Every structure is written in C-alpha cells, then in structure tokens.
Amino acid sequence: MARINDNYLKLKAGYLFPEIARRVNAFAQENPDANIIKLGIGDVTEPLPQACRDAMTNAIADMADRSSFKGYGPEQGYLWLREKIAVNDFQSRGCAISPDEIFISDGSKCDCGNILDIFGKDNKIAVTDPVYPVYVDTNVMAGHTGEANDKGEYEGLVYLPISANNDLTAQLPTESVDLIYLCFPNNPTGATATKEYLESWVNYAQKNDAIILFDAAYEAFITDTSLPHSIYEIEGARECAIEFRSFSKNAGFTGTRCALTVVPKTLKGKASDGSEVELWKLWNRRQSTKFNGVSYIVQRGAEAVYSDAGKAQINELVSFYLENAQIIREELTKAGLTVYGGVNAPYVWVKTPEGLSSWDFFDKLLHHVNIVGTPGSGFGAAGEGYFRLSAFNSRDNVIEAMKRITTNMNFN
Ligand SMILES: *Cc1c(COP(=O)(O)O)cnc(C)c1O
C-alpha cells in the first residue's frame, strides 16, 4: 500500500473555519429567520476594477486571433508585468528591485508554502502568535515540526507572542533562528510595522544570518505616509528578505488569482557542504520545474492595476474597505469595546469584554446580534481573548451589524 506523508496527521488546522461553519449552521437551523451577517472571512466582496476587466476582455480578444494568441508564457511571468511592478511598487519607493527578481504566481498563499521547497529541513523557524495559519501548517506538512500540544503549538517552532502588552508587535527572538515569517499590515491583528521596527528585524537577520519571509499582502491599505510598504525600504533587506505580494486584497483578485514573490539576487543560503548558494537560482529552478505561469488574461488584468484608471479605481476600493474598518472601530468603541488595527489594515482586532474567551464572545455575538466574526484563539494560543472582524463587506452590512451591537450590547 502507498505510504502517506505522516506529517499531515499532525495538522490541527482545518479546525477554525469548519468549527465556525458548524456553529453558524446549527444556529441558523434553530433560528431560520435570523439575518446573519458574516464579518468573519478575509475575502473581498466588491467587483473587480473596471480597468482590470477591460484589460482582461482585450486579452481574450488577443486569444481569438492566431497572430496575437498566447500559449505557454514565461514561468516567471511576462516581462511587461514585472517591469510595471518593479517601477511602481519598488523603484518608486527607493527599493532597488529589478524585474528579473520578481516572480509572478497564482497566489501568495501558494508561494508562502512553496518557498519551503528551496529550504532545508534543519532550519529553526519563528512565527508570531497569533499568525496567518498558512505559515505554520505548510511547515508541519514539510516535516519541519513535531506534534502540537493542547494549545495548538507545534514542537520545534519558535513562537513570538503578540498582544496588547507589547503593542501587538513581536519582540525579536532571544535565540538565533534561520527563517522568520513577518506579515505587515498584519492578518489577523491589523497591526502595522514602523520603519524602526523593521530595521530591528533586518539587523537581527543580518546578525544571525537569517532570512525574513515578509508577507505584504495588505500593503495597499497603508495610509500613514511614515510607514514602509516594502521590507526593501530598509537598508540591508536585499541581503536577508523575500517579499510576498498579492493582487487579491488591493484589486479584488481573490477569485482571479495573481500574486508575486520577490527574491533578490543578493540573497544567499548555505548548502550542506558549507558553500553559499544564491536563493534566486533555486527559486527560479523550482518555478521553472513545478509551475507553468499565470494565465495571460489574468496577467493583463494585473497589469491594468498600474494604469492611471486602475490606480484610481484601486484607491477607491481600498478606501471603501478602510471606511468600513473605521465604522467598525468607532461603533465598537462606542459600545465599550477595546479595538486595535483597522486603520492601515482591513481587520479590526477586538479585545473580548468581561474576560470572555474568544469562542464565548463568538457565541455571544452570534446568538445576541447574529453577527459572525473569527475567534482570535483560532490564529494561535496568544490570540485567546481577542476576536477578528473583517472590513470586507458591503456598507449596508457593516452599518447594520454595528447598529445591532450598539443598540443591543453595552460593555461600558
Ligand atoms: C489574503 C492573504 C494573502 C493572499 O493570498 P492569495 O493566495 O494571493 O490570495 C496572503 N497573505 C495573507 C496574510 C493573507 O491574508
């Protein structure tokens, strides 16, 4: 009989969102008339920008004619898209990233997992707690951890707790680690990183020969002009950081699929014979072997994000979600709750009131006001006592949900 990858049996996840669905379905069955509003999932709700749709429609026309038809594209993505990204997202901010250091992909969730292909088995890996579960689960699948304990913490990972006690920013590890996952603006907490804070990580990585895996999926939500959008705005980051970006949250591509990963040619890792190897070469080889590129049509849609019309439409989309976040923040504060995030990020991180656990507060919101959020403990042990509300929803739903809370619940 075929042997399975036993590491999959260690996975605790597949627990959070199914458990939410189970409780919501049970409640809906008992209360068929309840109008449940879901502020739980991190998926966008608004249509694709017109500029992206027009570009994709034109690209379909290209595919209808033998002279402009496209078959396999470059595994790294079309140069015309990578050039626009290099100029608009990086060089315009003073980051010396060239188009050949950019790899187009079908998602940064995928890349966050796939990147482990080019790293060895013996790395010490640090994640924040709470954390985007993909970073942890992909390491479990790759056999980089032991079993999970009762709190869901895997043996072998270094957890860096974040809470209101440390301004929702992880402290540097006290030990030496090799790989560090950072996500700013953060999912789930909505926290941001200042330049000084990222500098402290780049310094740490340089001292410890570590690589930072920097997830910037939410950079478009940064409105505070003092905050860096890219890790490469920090001097020295080209020697110690890989950056993941996505068109999912800024341009609503969650169902369309396009993202990018930056692997600077100056990044090095160590082989078992002690020699230093360019990580770019390994990632390029990995993508060329296991990936055949993103659809031409979708890449044309992503390219339109950098047109004048595209930029204006994306600005509008991001502002719309940020206004939702502001409404959530203001109304929850009125109801007597303590809230974090939601200013430069589409997530509001709520301290559960009255010492309630994350799941108790989940049940309370569901039963009293028919609102669904995400229990913080689902993102890690240190998320216990917190709750995530997403600003990805229609304005009507956000206003109605907040009205229900302010009129029916008072934690003052
Ligand atoms: C949504 C999200 C992404 C984007 O994933 P895609 O696969 O590009 O849709 C990446 N990282 C985090 C933390 C996210 O929340």
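Structure: above.
To keep things clear, this report deals only with the structure shown in the data block.

Turning to the pattern of salt bridges, a few remarks are in order. A complete count under the given rule lists 17 salt bridges for this structure. Among the ionic pairs, Glu303 bridges to Lys84, the shortest N-O distance being 2.7 Å. Residue Glu303 is found in helix α8 (residues 296-303), and its partner Lys84 is found in helix α3 (residues 79-90); the two are separated by 219 residues along the sequence. Owing to a relative accessible area of 31%, Lys84 belongs among the partly exposed residues under this scheme. Between Lys334 and Glu331 there is a salt bridge, with its nearest N and O atoms 3.0 Å apart. Pair noted here: Lys334 and Glu331 are both in helix α9 (residues 308-334), with a separation of three residues, about one helical turn. Assessed through its relative accessible area of 17%, Glu331 is described here as buried. Through salt bridges that share partners, Glu19, Arg22, Arg23 and Asp363 make up one connected network.

Let us look at the site of the ligand. The full set close to the ligand counts 14 residues, and Asp215, Tyr218, Ser246, Ser248 and Lys249 are the nearest of them. Contacts to the ligand include Lys249, whose side-chain N or O atom sits 3.3 Å from an oxygen atom. Within the side chain of Arg257, an N or O atom sits 2.7 Å from an oxygen atom of the ligand. Within the complex, 94% of the 390 Å² of free accessible area of the ligand lies under protein. By residue class, the composition of the shell around the ligand is five nonpolar, five polar and four charged.

Reading the values: rules and limits
- Residues numbered from 1 in each chain as written.
- Predicted model: local features only at pLDDT ≥ 70, side-chain atom pairs only at ≥ 80, totals over all residues.
- Heavy atoms only, no water.
- Salt bridge = Lys/Arg side-chain N within 4 Å of Asp/Glu carboxyl O.
- Helix = DSSP H or I, 4+ residues; strand = E, 2+ residues; numbered from the N terminus.
- Buried < 20%, exposed > 50% of the residue type's maximum accessible area, 1.4 Å probe, protein only.
- Near = heavy atom within 4 Å.
- Polar contact = N/O pair within 3.5 Å; in protein donor to acceptor, adjacent residues only side chain to side chain.
- Areas by Shrake-Rupley, 256 points an atom, 1.4 Å probe, with all protein chains shown as cover.
- Nonpolar A, V, L, I, M, F, W, Y, C, P; charged D, E, K, R; others polar.

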